Amino acid sequence: MKPIFDESDPVELRLCVNGAVRTLCVPPLRRLLDVLREDLRLTGTKEGCGEGECGACTVLIDGQAVLACLTAACSAEGSEVVTIEGPGFERARREFLEHGAAQCGICTPGMIVMTRAWAEACRRDGIEPTEDGARAALAGNLCRCTGYGAIVAAAVSTAREGFP
Amino acid sequence: MRVVVARSIDAALAALASATEASRILAGGTDLCVEFESGRTRPDLVVEVGRVAELRFVRETQAGLEIGAGSTCADLLRSAPVARGADLLALAAREVGAVQIQNRATLGGNLVTASPAADLVPALFALGARVRLASLAGRRELLVEEFVTGYRATARRPDELVESVVIPPRPAGEHRAFHKVGTRRAQSISKVVVALALGPRGAGARIAAGSVAERTLRLATLEAALARGLARERLAQAVAHAVALDTRPRDDVRSTARYRRAVLERVLVRVLGPWLEPEGNAA
Amino acid sequence: MERYIGRDLARPDGPAKVEGRAVYVADLDVPGAWVGGVVRSTVARGLLLGLDFDPGFDWRTVAVATAADVPGENVVALIADDQPLLVAREIEHWGEPLALVAAPDELQLARALAAVRPRIEARAACFDLERSPRVFKSIRVAQGDAGAVFRDVPPGARVVEGTYRTDSQEQLYVETQGFVAFPPASDGSVTVRGSLQCPHYVQKALARALGIAPEEARVVQLATGGGFGGKEDYPSVLACHAALLARVARRPVRLILGRHEDLAVTPKRHPARVRVRAAFAADGTGLALEADVLFDGGAYTTLSPVVLSRGVLHASGPYRWPAAEIRGSVVATNHVPYGAFRGFGAPQTCLAIERLMDRAARELGIHPFELRLRNALRPGDTTVTGQRLEHSVGSLEVLEAIARRTGFDRHAWGAPHAESGPRRRGLGFSFFFHGAGFTGSGEELLRGRVSLALLPDGRVEVLAGSTEIGQGTQALFTAIAAEALGADAADVVLATPDTARVPDSGPTVASRTCMVVGGVLAAAAAELRQRVGDGAASWRERARAFLAGGGDGAVTRAYAPPPGARWDEHSYRGDAYPVYGWAADVAEVFVDEDTGEVDVARLWTAVDVGRALQPRLVTGQIEGGALQAVGWAHREVVSARDGRCEQDRLATCIVPTTLDAPRFDVTLVEVPYPGGPFGAKGVGELPMDGGAPAVLSAIEDATGIHPAQVPATPERILDLLVARAEEAHA
Ligand SMILES: Cc1cc2nc3c(=O)[nH]c(=O)nc-3n(C[C@H](O)[C@H](O)[C@H](O)COP(=O)(O)OP(=O)(O)OC[C@H]3O[C@@H](n4cnc5c(N)ncnc54)[C@H](O)[C@@H]3O)c2cc1C
Ligand code: FES
Ligand code: FES
């Protein structure tokens, strides 16, 4: 999973993670996923595949949902990173609990981060949140437990906040 | 291994001056990081261009629509000029991976990886796109078919950066279509992908297909038949002939050669059929 | 008035999961831990002549273990003990463990793994289940004289037959398998923590491999990111490997499989070939059934005999057969051993019988719903093992519910289509049952236990070995305990499954956690409640008073089989399962006849769950299981080339996304089971059985072809469509 790719000389990396500025010294191609999970011990971001297929490692970089397993540390330099441990997920968390959308929970952080990105996009672009919209937004996040129904419903409820 | 983070085209070109065959440019990372993960790629030099703003633009110019190589699939989906002038690219971008991938995957990366299953590449073929390359030695422009030379192989020299692609203006009355058959509805690699453009009465047809040979290709035999004024009744036969002649599909973990051939034929007939005139009406 | 039964309780494990605080094995911070890896065979069969260690590598920087280092027996203790922990000489499958390495970090580990060069002499391997030289287990179930019916078919009767194949399937838990093992303590005891379903299986395996007493092996479950059967048997292998490495390295070792390795070497669903034939009277009444079930077990026995048993016992479908003969075998090949996956053998045979019922309906000119209804087992009927069905037989209820919900009973199934164009709509149907709990005398032999302990503050701690793997064990046990105690949910605390603390409740498999372990828990709670006594004061006050008065707040109960249950393991006659779950599915598909692509748009299911203790949880189980079934039906390809799994990356191992999943419509039917807690029975696996036959039935309705293999991939569908077109042409 983890590429043996930490051979280049470490460089200084400055990130704003969940609102706090962090300065580290890491090899520039170290995966952001490992920076978060190992260097910063933020283990809420999960690894399901390491190759972009499962979405478990979804985080926000400058407000955009991206995959931490396919992001090199140097590509995130100077960015604002938000993980599941960060602020702003209260509504989505509540909806996920209320809909029974978390079973084993391993896909849940990625799902919740993606839900928030989608909800914010709906609000920003004035797009009415629908079930179809939620399904398209969450198509890069695999869940093997739920059959997706509860997750999609939780995402729609989350995004509906602020819509009549 | 050296890693250079470039924030301008000039900085990237300077870093690339010492590049070798083993060097890599890191844009969205959605291909390259997977290669790192599998251990397939161990570069001597990596030039990170993910935040070179000069590579991320869409411009309407005299030569047509110019799209920066750093434009992401999400950029293509949001761009009104792309929707007008390069609709095939937007249709293809919508089919790439899922949202997180689209937020990162760039046009330049798709093109330079030159996977036979790439979705943006056939769209570029059907649009007659030209690829603009830059290096410290200067700039040059290639037709996209000349740029993609083989299985994951391109005409790019190690020191060159793909700056942009140029899409010629859309001819009046041109039909265009994009169709992807994948392993599932999202996050799926193409088993067969078709992008095509067809002028009135079959003129100037550009029919591109992916995943049916070691690289994206154009179905020249079919294009020629269309240019001669193919009647609807003869389409299926002409398509079968062209697919047999022009494509070289293989069995792999995603599908079979037989399936790819059959589906390519059926998709082409389905897409082209309504645009052709029945016998008698044809020129 | 029940307070917790039938009402959704907040999941105790929920908040940590949605906040990213839940600790899975990869999240565990273990200072000083090394990372472990496995040297694997690169052939499917051969002889290991030796292991060469590159002299250019500094072997003092790592720890290495080979078969010679196994302190106990070199076996993965399960059913047959035929699988070595590390190959000593004979290699039986690709990816078989040859040696173990632990290193301070991943980079050093990768270098060390590459510096071990196994010397292997390859041998001819067998990958064809129909040519296997070795049978792991055969089973025969017989009732009446089926042979006589087929030899001498009664006038007017009709014989229908078919051969159905199902390919393997990957569980694809999103968290890969892993363990952290700690070096032996001064007293020789060993601790492992990991992702698993069955702590006491792992404990037994560790004891055998390390040559220690079971009590000296401590197994602790961490948050587990899905299992679906995949973490039933394989964690025993991984835990032993990790423990062995920790022993030689003298420090903690993390052995967490990468996704590629997990896909390539962990057990998947057994591929199967099932031949069935059945005789029906002209009115559709079933007269006799014959089935020949063949499973590919892979290289070692693992759980295959029990998987076969369940497969054979479900081959009859939920139907009355006055005469039946079902023969089954699971055979050895050089595939990676197959193992447990939700459904456990039943989905394979369920597909065959349900496809056969569709074919029979077509040939008899009877509506497929009507044919099922006519033959459905009803209360008072006997199954092919001679089991008389008495309690909680919701067969007619689920049929009625699905008909009401979908109108399938009036759908002109299989009629030629009026619509033109390549996109065809179809509806398909399946009717199925699934035995809840272990087969035969399994539960009686196991006698799963649950303990309760009254804490000083009056709360009750539940000590059970059942694991939370997402299905909701924690919420369920809290609800059952609180209800049976007459206490508040907040008065119940759940102990982490830790073999040092919890009794062996039996494995978390076979749809038994709610029904069997939950039942023991309810009985234990009722006993504690009786000891403490009811009253106006709150539970905690009463409990504290009880303790203050010297009361004994510790209760342990074991499973007691229902009175009168009988089972003969030799003749396969008797009560095969304590009770069955019943269900019917209707699938709506759109088939693109140009490409063979299938879109499963909707799936309706009506399920008799006995009693829905936690409606949201049980619905979640049903939808999740049904999606796995739908994925297997037409999309999830798993294949092997020369014994090596071809889908060893998530880019090629395809499972449904949100856009591929149908919209589900679940109808819960409640026909209470008196032997289960508050009327509940096990339904964890049931939804896996019916999805594939319903989807294939719908494809048949849409196109007229009769898919006989799962998954019905676009490639296979297109071949059938082309063959049909050629036939029509000829
Ligand atoms: C989960 C997943 C799903 C995917 N799904 C699809 C899909 O459906 N369809 C599809 O077509 N692709 C898909 N891809 C592949 C990939 O996303 C695309 O090919 C993408 O466009 C690559 O762009 P990138 O910016 O990420 O490239 P990078 O990974 O950054 O680079 C790729 C290659 O291009 C070179 N390169 C990048 N930019 C330049 C430049 N400006 N000049 C010169 N060389 C350059 C790099 O050196 C490298 O060799 C998928 C990938 C993943 C991980
Ligand atoms: S771990 Fe990043 S997408 Fe799977
Ligand atoms: S809840 Fe288990 S994978 Fe989604």
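All of these numbers come straight from a predicted model, not from anything done at the bench. (Residues numbered from 1 in each chain as written. Chains lettered and ligands numbered in written order. Predicted model: local features only at pLDDT ≥ 70, side-chain atom pairs only at ≥ 80, totals over all residues. Heavy atoms only, no water.)

### What to know about the interface of chain B and chain C
(1) Moving on: Facing 21 residues of chain B, the contacting portion of chain C comprises 25 residues.
(2) Moving on: Counting the surface lost from both chain B and chain C, the interface buries some 2000 Å², and carbon and sulfur atoms represent 48% of this.
(3) Moving on: On the surface where chain B and chain C come into contact, there are 5 salt bridges.
(4) Moving on: Ionic pairing is found between R270(B) and D594(C), a salt bridge with its closest N-O pair at 2.7 Å.
(5) Moving on: The interface formed by chain B and chain C contains 14 residue pairs in polar contact (both at pLDDT 80 or more).
(6) Moving on: If you list the elements that add at least two residues to the side of chain B that touches chain C, you get α2 (32-38), β11 (175-182) and α12 (257-272) of chain B.
(7) Moving on: Broken down by element, the side of chain B that touches chain C gets its largest block of residues, 7 residues, from α12(B). (Contact = heavy atoms within 4.5 Å. Buried area = accessible area lost by both parts, 1.4 Å probe. Salt bridge = Lys/Arg side-chain N within 4 Å of Asp/Glu carboxyl O. Polar contact = N/O pair within 3.5 Å; in protein donor to acceptor, adjacent residues only side chain to side chain. Helix = DSSP H or I, 4+ residues; strand = E, 2+ residues; numbered from the N terminus.)

### Points about the site of ligand 1
(1) Moving on: Surrounding ligand 1, one finds 35 residues, the nearest of these being T30(B), D31(B), L32(B), T106(B) and D119(B).
(2) Moving on: At the site occupied by ligand 1, nearby residues are drawn from chains A and B.
(3) Moving on: A distance of 2.8 Å separates an oxygen atom of ligand 1 from a polar atom in the backbone of I25(B).
(4) Moving on: L32(B) places a polar main-chain atom, nitrogen or oxygen, 2.7 Å from an oxygen atom of ligand 1.
(5) Moving on: Protein contact buries 95% of the 980 Å² of open area that ligand 1 shows by itself.
(6) Moving on: The set of elements that each furnish at least two residues to the shell around ligand 1 consists of β2 (24-26), α2, α7 (107-113) and β10 (161-167) of chain B.
(7) Moving on: Split by residue class, the shell around ligand 1 holds 14 nonpolar, 12 polar and 9 charged. (Near = heavy atom within 4 Å. Areas by Shrake-Rupley, 256 points an atom, 1.4 Å probe, with all protein chains shown as cover. Nonpolar A, V, L, I, M, F, W, Y, C, P; charged D, E, K, R; others polar.)

### What to know about the pattern of salt bridges
All names here are of chain C.
(1) Moving on: Overall, the coordinates contain 100 salt bridges over all chains when judged by the stated rule.
(2) Moving on: For E527, the salt bridge identified is with R557, shortest N-O distance 2.9 Å. Of this pair, E527 sits in helix α13 (residues 513-532) while R557 sits in strand β20 (residues 554-558), and the two are 30 residues apart along the sequence.
(3) Moving on: Residue classification places R557 among the partly exposed residues on the basis of a relative accessible area of 31%. (Buried < 20%, exposed > 50% of the residue type's maximum accessible area, 1.4 Å probe, protein only.)

### What about helix α6 (residues 149-160) of chain A?
(1) Moving on: With 12 residues, α6(A) should reach 16 Å at 1.5 Å per residue; the first-to-last C-alpha distance of 17 Å fits that figure.
(2) Moving on: On the buried face of α6(A), the contacting elements are α3 (90-98), α4 (108-125) and α5 (131-137) of chain A together with α15 (615-634) of chain C.
(3) Moving on: Following α6(A) by one or two positions, G162(A) adopts a phi angle in the positive range, close to 90°. (Expected span 1.5 Å × (residues − 1).)

### Description of the interface of chain A and chain C
(1) Moving on: Counting from both sides, the interface comprises 46 residues of chain A and, opposite them, 55 residues of chain C.
(2) Moving on: Across the chain A to chain C interface the summed buried area is about 3900 Å²; carbon plus sulfur atoms make up 58%.
(3) Moving on: Counting every contact that joins chain A to chain C gives 7 salt bridges.
(4) Moving on: Residues D29(C) and R41(A) are paired through a salt bridge, measuring 3.8 Å at the closest nitrogen-oxygen approach.
(5) Moving on: Where the side of chain A that touches chain C is concerned, the elements lending two or more residues are α3, α4, α5 and α6 of chain A.
(6) Moving on: Split by residue class, the side of chain A that touches chain C holds 20 nonpolar, 11 polar and 15 charged.

### A short note on the packing of α3(A) against α4(A)
Residue and element names in this part refer to chain A.
(1) Moving on: Closest axis-to-axis distance for the α3/α4 pair is 9 Å, and the angle between their directions is 125°. With respect to α4, the axis of α3 lies oblique. Handedness of the α3/α4 crossing: right-handed. Contacts between α3 and α4 involve A92, R93 and F96 on the former and, on the latter, T108, M111, I112 and T115.
(2) Moving on: Its residues assigned to classes, the contact of α3 with α4 shows 4 nonpolar, 2 polar and 1 charged. (Axes fitted to C-alpha atoms, helices over the stretch in contact; angles between N-to-C directions. Parallel < 35°, antiparallel > 145°, perpendicular 65-115°, else oblique. Left-handed = near helix turned anticlockwise from the far one by under 90°.)

### Observations regarding the domain arrangement of chain B
Residues and elements named next belong to chain B.
(1) Moving on: Partitioning chain B into domains gives domain 1 (2-167) and domain 2 (175-275).
(2) Moving on: Across the contact, 27 residues belong to domain 1 and 22 residues belong to domain 2.
(3) Moving on: Note on domain 1 versus domain 2: buried area summed over both sides is about 1900 Å², and carbon and sulfur give 58% of it.
(4) Moving on: Among the residues domain 1 hides against domain 2, the three largest losses belong to P116, F125 and A126. Together they make up 25% of the total.
(5) Moving on: Where domain 1 touches domain 2, the interface holds 3 salt bridges.
(6) Moving on: Counting across the interface, domain 1 meets domain 2 through 11 residue pairs in polar contact (both at pLDDT 80 or more).
(7) Moving on: For the side of domain 1 that touches domain 2, a count of residues per class yields 17 nonpolar, 6 polar and 4 charged. (Domains from an automatic or database assignment.)

### A word on the environment of I151(A)
(1) Moving on: Along the polypeptide, I151(A) turns up in helix α6.
(2) Moving on: With a relative accessible area of 0%, I151(A) lands in the buried category.

### Some details on the nonpolar core
(1) Moving on: Ranked by internal contacts, the top residues of the largest apolar core, which has 175 residues, are L222(B) and L268(B).
(2) Moving on: With sequence-adjacent residues up to four places away left out, L268(B) is seen in contact with V194(B), L196(B), I207(B), L219(B), L222(B), L235(B), V239(B), V243(B) and G273(B). (Core = buried A, V, L, I, M, F, W, Y, C linked by side-chain atoms within 4.5 Å.)

### Observations regarding the pairing of strand β3 (residues 58-61) of chain A
All names here are of chain A.
(1) Moving on: Side chains T58 and L60 of β3 all project onto a buried face; the interleaved residues V59 and I61 project onto the opposite face, where all are buried too.
(2) Moving on: Linking two consecutive strands that pair antiparallel, namely β3 and strand β4 (residues 64-67), is a turn of 2 residues; a positive phi of about 45° is found at D62 within it.
(3) Moving on: Pairing geometry for β3 and strand β5 (residues 80-82), over 2 bridges, is antiparallel. Looking at the pairing, L60 lines up with V82 of β5. (Pairing = 2+ DSSP bridges.)

### Structural notes on the packing of α15(C) against helix α16 (residues 686-703) of chain C
Residue and element names in this part refer to chain C.
(1) Moving on: Running from amino to carboxyl end, α15 crosses α16 at an angle of 40°, the nearest separation of the two axes being 7 Å. For the element pair α15 / α16, the angle class is oblique. In terms of crossing hand, the pair formed by α15 and α16 is right-handed. Residue-level inspection shows Q621, I622, G625, A626, Q628, A629, V630, W632 and A633 of α15 in contact with α16, the latter providing P687, M688, G691, A692, V695 and L696.
(2) Moving on: Its residues assigned to classes, the contact of α15 with α16 shows 11 nonpolar, 4 polar and no charged.

### Notes on the sheet that holds strand β2 (residues 20-26) of chain A
Residues and elements named next belong to chain A.
(1) Moving on: One open sheet accounts for 5 strands, arranged β2-β1-β5-β3-β4; its pairing is mixed. Both outer strands of the open sheet, β2 and β4, are each paired with one neighbouring strand and no more. Averaged over all neighbouring strand pairs, the angle between strand axes comes to 40°, with direction disregarded.
(2) Moving on: Where strand β1 (residues 11-17) lies against β5, 2 bridges are found, and the strand directions are parallel. Pairing of V17 across the sheet is with V81, part of β5.
(3) Moving on: Most of the contacts of α4 go to β3, to which it runs at about 40°, and overall it touches β3, β4 and β5.

### Some points on the domain arrangement of chain A
Residue and element names in this part refer to chain A.
(1) Moving on: The domain architecture assigned to chain A consists of domain 1 (3-82) and domain 2 (90-159).
(2) Moving on: Centre-to-centre, using C-alpha coordinates, domain 1 lies 22 Å away from domain 2.
(3) Moving on: In this assembly, 11 residues from domain 1 lie in contact with 10 residues from domain 2.
(4) Moving on: Both sides of the domain 1 and domain 2 interface together cover about 860 Å² of buried area, and 64% of this is carbon and sulfur.
(5) Moving on: When the area that domain 1 buries against domain 2 is broken down by residue, the three leading residues are K46, T58 and L60, summing to 41%.
(6) Moving on: Between the two partners, domain 1 and domain 2, sit 0 salt bridges.
(7) Moving on: Sorting elements by how many residues they give to the side of domain 1 that touches domain 2 places β3 first, with 3 residues.
(8) Moving on: Tallied by class, residues from the side of domain 1 that touches domain 2 come to 6 nonpolar, 3 polar and 2 charged.

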